[in-house]
Every structure is written in structure tokens, then in C-alpha cells.
Amino acid sequence: MTPYSPVARRWRRRLAHASVVASLCLLSLLAMDRLFPLPLPKQETASVVVSARDGTPLRAFASADGVWRYPVEPEDVSPLYLQALIGYEDRWFWRHPGVNPVAMLRAGGQWLRNGRVVSGGSTLSMQVARILEPHPRTATGKLRQALRALQLEWHCSKREILTLYLNRAPFGGTIEGVEAASWAYLGKPSKNLSHAEAAMLAVLPQSPSRLRPDRNPARAQAARDKVLGRLAAQGVWSRNEVREARIEPVVSRRLQVPLLAPLLADRLRRANPGRSRIRSSIDADLQATLEQRVGEYFARLPERSSAALLVIDNRTMEAQAYVGSLAFARQESLGHVDMVRATRSPGSTLKPFLYALAMDDGLIHSESLLIDAPQSFGDYRPVNFDPSFNGPVSASDALRLSLNVPAVDLLDRLGPERFTARLAHAGVELKLPQGARPNLSVILGGTGVSLEQLVGAYAAFNREGLAGRVRYVSSRKADDRRLLSAESAWIWREVLEDPARGGNSEDAFDPGQRRRVAWKTGTSYGFRDAWALGSTRDYTVGVWVGRPDGTPMPGQYGAITALPLLFEVVDSLPRHGPVAAHRQSPRGVGKQTICWPLGVALDPAHPELCRSKREAWTLAGVVPPTFAERASHRWNAGRLDVLVDANSGLRVSEDCGLAHETRARALARWPSLAYPWLAATEREASALPMLSPDCRRDALAALESLRIEGPADGSAIARAPNSVVPPQIRLRALGTQERVRWLINGELAGESRASNGFVHAFAEAGDQRIVALADSGAWAELNIRVLR
């Protein structure tokens, strides 16, 4: 046959016609594909799942259509489930083009012979097509399903089709996808399914309402066993594996949406728009335990109360547990308000940073002499939480006792703006009223801060002075900032670890196995906030208690409300190793013997200047002296050298020095505000010697002296006969024109001006110590007894 023969010409015409027809069919298919695109699901229709670091769902947010789907990839699902699914539903899934003609013909023949469906002919691709575009179970619907399956295979890979099934298959109610079903019915991820569980979940989408294991366990077990039998017959699983799987009962838990760390989950969802799966740093088991513990611990709090707890790992700054409120679903206590992020008054919780920064600036060592006495700083007059005063205290004791006046004094010398700037650099952004500048009140809670910022800062005491922002997802870049020197952080951690934790019963517990905790409490003005912060070698923990609406909670404060829970949490945290004793100090840290009142190192040549010895932590061997008093007309705390008569010991002034045999005498003077608290022997030892009678008065002799006008020292007073009115006395401070503060048994009772009187009623019987303390530092004391 030649190319020009009639037969050849006919074949060419037929081939041309076939090509045209094929091209037209292809164009028709392309047009149909464009006119009827695949209804592939959009990203915004997916559920959002926030999980713990091990994949355990913390909280799921339903999709826009109200369905619960936990996004999953084939690699995240147990191979047993994939074997059961493909072995039971579609053995030829990896080979057919979307439709299995043999299975379709077999299913059709069985339907014709029996008048009912004996076995389905749908492939997984066809099932996905029906999930994406539901249709009636008619011949027309089946044809449409088959065409959609072919279209699906054209556009998607086999892996993508399988992924669609894994995430969209119906499992009953509003649950779709194998991962959501596994958590809902079995309480575990789909990657951990057993043979029996995999078989049950493989068959459940065939009739999700009828086979739900929580409602119809018997039917679910029968369907599961049918799958097991088929897999054994196919040789997918061994007879022994199937036999053991049949023994396993169908056990389903009550359907319950996961709700761990709900406020953090919502926070992460909002911070990561477009992501359907967000893995947090939270430890799911620890989170569940601490949520329960917080709920039980604070169950008896007054109404409308809430609480917050945050635990972070010091090594990574990653959150391990996050309790944003006491009861998420409780509207009356505003459980939807996240108190980990809320701005609240910090009370005294900023004080450790003040002392550590003051040490870094060379202002103090750990035993620097501070004065806890009534003082004014301009118009600001702080008092202690406990209204009494302690007189001379060390810096470390002032911090342990959380004394207010020494802290304000120290901040005044460091500078409020410098202090707040250092905190801001480390991530602690103190909130002040609009237009306000940092002032002395910030150290007592006159500012705002969040729990997460405080926790990030307290971690610095166990991170060599590095604070950081708390991380809630591991992928977030670490943001560490220098807050303190490593040396200062070590010293003040030692100070904060020193207070006894309580509960150390020698018979019931070995306190040597308890973690060392550097802790501090705080209570805001009006009992609105109760805080407890603590840092160990491995973890930092923060606890807040209060009312989200800011109303007071009288009687609730950090030491009794928040601190016990802090210790409970610390003792329950996982251990990274054995409990260590004191850690090796950094190279620049030393311990020196210092002397009060001068505050400097012991001078063996002048033991008389050392009125009280202390062992102090110092930086680089620097020993800052005791602060000078602010007012120039007061005695400055420091060394005073005078000339005295060698025989009488009386002070000699310059004009009569030649008439006496003199010797030099060094005095260690205490700050004048400390004198009311000194023992009589100590006051006498540091008192200025009397001036010799033959010498003219010098500048030292002109110092102000104070005297109390009123009852004689040691006298007794009583109420009038047959009267219920407490006895009262009127007192006057003579010898000063300045303001005088009156202390009764160490507590500030009132103040007077110049020589104006002060009246006080004594409600309690017993010995009463009355101290008049002038702004100049002069003071006087009166002791009386109040009779019953």
C-alpha cells in the first residue's frame, strides 16, 4: 500500500477525524474543569488547634462552619490506621486513576442480583469527592461522584487526596478527620493508635451516627471486627495481631472539647492568623495538674476573685504552664480576662531589682546600714505595710522584711528614672499615668506591670543577670537582655533564698531535698493585688491573686494568699537533676567583715569604730560606706575625731587646748534617725563627750537637743474612776522649731509642729514607750505605764 493509495488516504482521514474528536473532547474537559472547578476547601474553613509541646491539643477552635477538625498530615498518623483504611476501603488506591472499574462493576452486579448494596464500589478518591461536594445516592449522583474523582486525581497527588480524607472524613456529630476523632473518642493522638483502635476509626466514617463508639459500642465493635477479619484475609496484618486486637474492648470516653490553657490558646491563635496548627511550649500534664491545683487552692476566695500562674524554664525562657484566670467559664469572676497579661500594681515585687541595681552602681553592699524610721522625701511620706518601724537595718534584712522606707530612701539615691529605664531595657515596661514621670512611689507599687514581665525579670536571678521575654512557642527567637551583673544577681539570689520557707517538719519531710527558692511577695495598696514570685535553678514561677475589676480583697496579701501556692508549685515541678547546695559564687563576689555604723571594712587599728560586726557580700572588694544624711544640719553618720582631756575624758575645744593634756578620740557616729532604737550603752558609746567647763562652746555644742514635756519618766496613768474613756495625755516636744513625729511602741502615732502639743489616748494597758523624733534628727524618749 503506497502513501497515495485509497486505503492510505482513508486511514489518514480517520486519524485526522480522531485527532479532531480527541482535541474537542480534551477542550470540552478543560472547559468543564473551568466551568465546574473542584470545590477544594479553603484554609479559612479549617479549625485552629493550639497544642502542647508534645502535640496534645490544649484548645481547638471550630471552623467557620462549626466543625472540629485537627489538621494532620499522613506522616503524623499511625501506619496501622493507613493500613486499615486502605486495606478495607480501597486496596488499589495507589494504582487507579480515581475510579476502580472492576469494583464498580462488581458492586453494580451485586446490587442487580440482590436488590440492595452488598459492597461499595467507591474509591477513597470518590469518597473525598463526595465529602467535598455532597450529592444524593442516585445513579446520577454516582456518575457525578466518579467524574469529580477523576477531576480530583487530575489536580491532586495521591498524597494530597489522602490528606483531604484524613482531615475531612466524617466521624459523627461535628467531628471531622481522624485526629479530631482520635482525641474525641480515645483521648490520644492518631499516631498512637493500636490495631483495634485503627480498625475502628477506619470503619467509622461509613456510618458515623450508627457506629459511634460513645453511643453504640456493640455496633462499633462488630464493624471493627469485620475490618480486622478482612485485613487478616488480605494478609495486611497477621492472624496473631488480629486475634489480640479482637480481645481489646471498644472503650470510648465522653466527647469533650479540649480546654487546657484556654486564654493562652486564644492569645496564640490571634497572634498567628492563618495557621491551623500552633504548637506551644506548654507541658500538657503539668498544665492540667496546675490548673486543678489552682482551682482547688483558691476555691474559698471571696466572690469575683481570680488568680493567675505562670511557670517558665530558665534555660529557654519557654512557658511550661500558663493559668490565665481562676475559672475560664465563670463570668462573675471575669474568667475570660487574662491576668497573666493584665497590668496591675506590683506592690513590693520590684524591690529585689532596686537593691541589686544599687549594688551594681556601687551604692551598697549586702549589709549596708539603712534606717527604717519615719522620713519625708519632699511631700512623700512612706510607711511600712506593718505600721511599726525597725530603726537601723541591713540592706539584706530590709529586703527580706520588705521595708518601705529604706527602699524609698535607696531609690531616691539611685534615681527613679534610671531605675525604670533599666527595667524597661530588660523588658519590664512600667505603666505610669499619662504625662507622669517616674517617681519614688514606683518601688511601693505606684505603677503598673504584668505577671509575665515580672516572671521574665525574676529569671535573671538564676540566669546570671539576664532577663528575657517569656516565649510561648519554641520558634520564637529568644530575646535576652542584661538587667543585672552576674555577681549582683548571685548575691541577691542568696539573700532571697535565705528566708525560711516554713513547713520544714523534721519528722515528716527532709528540707534538704527541697529546692532553694529566691522568693519575694508583694501586696498592692488597698489589698487589690497579692503577688508571689520565686526563682529556682531551673524554673521561675509567678502567682497573682486579686479581682480583675480592681476592687479590694481585704485580708488577702502576698505572704498568706499567694506564697503557699508558689511553694507547692515549685516542689511539684520536674527536676533536671539532684537538689544542689549553694552554688559557686562568681569571681568578683567576696565576703568581708564590715562594721556598723560606718559601713566600711573592719580596721584592726581602730576597733573602737566597729560597734557591730557584719559579714557582707561585696563586689570586686568595694565596700561603700553608710549613706550620709540628707539635711546638712544633721549629724552625718561617719567618723568624728575630737580632742579630749587625757585624764577626765571631757571634750576640749581649740581655744583651751593648750591648758589640757589632750589625746585624740575617734567616734563612730550613727545616723541620727537610728538613735531611738539603739541600746543605752550604744548611745552612750557614740555620744559626743561633754565639753570641759573651762572651754568655750564650740559648733558641736550647739547641736539641737530635744525634751518631752508631759508626765515624768516612769510614771503611771489610768482612766478616770467609773469611766470607759481611755486615759489620754498631752505632750510637747521642746527644743525644736521643726516637725516632730511621735512613735508609740515603735509605731507612728502622729506628728506635731514646733512646740505645739500632741494628744494621745491609750486604749491598751501596759508599758508604753514614747519617742519624739524631730526632722533635724534630735529625739527624746519617755516611758510610762498605763494601768487597767
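Here, the structure is the one placed above.
For clarity, every value in this text was computed on a predicted model and none was experimentally measured.

## Focus: the pairing of strand E22 (residues 739–744)
Within E22, six of the six residues are buried, leaving the element largely enclosed by the surrounding structure. Neither face of E22 is exposed, since Arg-739, Arg-741 and Leu-743 on one face and Val-740, Trp-742 and Ile-744 on the opposite face are all buried. Taken together, the six bridges between E22 and strand E23 (residues 747–753) define a ladder with antiparallel strand orientation. Paired with Arg-741 across the two strands is Glu-751, which belongs to E23. Here E22 folds back onto E23, and the loop between the two strands holds two residues, one of which, Asn-745, carries a positive phi near 55 degrees. Here E22 runs beside strand E25 (residues 766–774); their pairing, made up of five bridges, is antiparallel. Within the sheet, the bridge partner assigned to Trp-742 lies in E25 and is Ala-772.

## Topic: the sheet that holds strand E2 (residues 57–61)
The strands that make up a sheet pair up through hydrogen bonds in the backbone, lying either parallel or antiparallel. An order of E2-E1-E5 is seen for the three strands of this open sheet, with the pairing classed as mixed. This sheet does not close on itself; its edge strands, each paired only once, are E2 and strand E5 (277–279). Averaged over all pairs of adjacent strands, the angle between strand axes in this sheet comes to 15 degrees, irrespective of strand direction. One ladder, built from four bridges, connects strand E1 (residues 48–51) with E2; its direction is antiparallel. Bridged to Val-49 within E2 is Ala-60. Packing of helix H12 (residues 262–271) onto the sheet brings it into contact with E1, E2 and E5, and relative to E2 it is tilted by some 55 degrees.

## Comments concerning the sheet that holds strand E13 (residues 529–535)
Read across the sheet, five strands follow the order E7-E6-E14-E13-E12 without closing on themselves; strand pairing throughout is antiparallel. Two strands in the sheet have a free side with no partner beyond their single neighbour: strand E7 (318–323) and strand E12 (518–523). Averaged over all neighbouring strand pairs, the angle between strand axes comes to 10 degrees, with direction disregarded. Bridge count between strand E6 (residues 306–313) and E7: five bridges; the pairing is antiparallel. Paired with Leu-309 across the strands is Val-323, a residue of E7.

## Looking at helix H4 (residues 124–132)
Within H4, seven of the nine residues are buried, which leaves it mostly tucked inside the rest of the structure. Residues Leu-124, Ser-125, Met-126, Gln-127, Val-128, Ala-129 and Leu-132 constitute the buried set of H4.

## Considering the nonpolar core
In this structure, Leu-310, Tyr-355, Phe-419 and Trp-492 are the most contacted members of the largest nonpolar core, which totals 81 residues. Broken down by element, the residue count for this core peaks at seven residues, all from helix H14 (residues 351–360). Not counting residues up to four positions away in its chain, the partners in contact with Tyr-355 are Ile-364, Leu-370, Ala-395, Ala-398, Leu-399, Pro-406, Ala-407, Leu-410 and Trp-492. In terms of nonpolar packing, the next biggest core, distinct from the first, is built from 54 residues, Leu-164, Tyr-185, Leu-204 and Ala-220 among them.

## Concerning unusual backbone geometry
The amide bond that connects Trp-596 to the next residue, Pro-597, takes the cis arrangement and shows omega of 10 degrees. With respect to the helices, strands and loops of the structure, Pro-597 is situated in the loop between strand E15 (589–596) and strand E16 (612–619). Unusually for a residue other than glycine, Ala-261 sits at a positive phi of about 45 degrees. Structurally, Ala-261 can be placed in the loop between helix H11 (239–247) and H12. Under the relative-accessibility criterion, Ala-261 is labelled buried at 2%.

## Let's talk about the state of the cysteines
Counted under the stated rule, the structure contains two disulfides. Ordering the disulfide-forming cysteines of the protein chain by sequence position, one finds them joined as 1-2, 3-4.

## Let's talk about a nonpolar patch on the surface
Where nonpolar side chains cluster on the molecular surface, the patch consists of Leu-143, Leu-147 and Leu-150 and spans about 290 Å² of accessible area. Note on placement: Leu-147 falls in helix H5 (residues 139–155).

## So, the packing of H14 against helix H17 (residues 416–425)
As a packed pair, H14 and H17 sit with axes 11 Å apart at the nearest point and diverge in direction by 105 degrees. Comparing the axis directions of H14 and H17 gives the class roughly perpendicular. In this structure, H14 uses Phe-353, Leu-354, Leu-357 and Asp-360 to contact H17, whose residues at the interface are Phe-419, Arg-422 and Leu-423. Its residues assigned to classes, the contact of H14 with H17 comprises five nonpolar, no polar and two charged.

## Description of the pairing of strand E24 (residues 757–761)
Of the two faces of E24, only the one carrying Phe-758 and His-760 is buried; Gly-757, Val-759 and Ala-761 on the other face are not. The pairing of strand E21 (residues 728–734) with E24 spans five bridges and is antiparallel. Bridging from a neighbouring strand, Gln-728 pairs with Ala-761 of E24.

## Description of the pattern of salt bridges
In this structure the tally under the stated criterion is 37 salt bridges. The partner of Asp-283 in a salt bridge is Arg-53, with the nearest N and O atoms 3.1 Å apart. Of this pair, Asp-283 sits in the loop between E5 and helix H13 (284–297) while Arg-53 sits in the loop between E1 and E2, and the two are 230 residues apart along the sequence. Residue classification places Arg-53 among the partly exposed residues on the basis of a relative accessible area of 43%. A salt bridge links Arg-614 to Asp-397, with the shortest nitrogen-to-oxygen separation between them at 3.9 Å.

What counts as what
Residues numbered from 1 in each chain as written. Predicted model: local features only at pLDDT ≥ 70, side-chain atom pairs only at ≥ 80, totals over all residues. Heavy atoms only, no water. Buried < 20%, exposed > 50% of the residue type's maximum accessible area, 1.4 Å probe, protein only. Helix = DSSP H or I, 4+ residues; strand = E, 2+ residues; numbered from the N terminus. Pairing = 2+ DSSP bridges. Axes fitted to C-alpha atoms, helices over the stretch in contact; angles between N-to-C directions. Contact = heavy atoms within 4.5 Å. Core = buried A, V, L, I, M, F, W, Y, C linked by side-chain atoms within 4.5 Å. Disulfide = S-S within 2.5 Å. Patch = residues over 30% accessible without salt bridge, like charges linked within 9 Å, V, L, I, M, F, W, Y side chains within 5 Å. Areas by Shrake-Rupley, 256 points an atom, 1.4 Å probe, with all protein chains shown as cover. Salt bridge = Lys/Arg side-chain N within 4 Å of Asp/Glu carboxyl O. Parallel < 35°, antiparallel > 145°, perpendicular 65-115°, else oblique. Nonpolar A, V, L, I, M, F, W, Y, C, P; charged D, E, K, R; others polar.

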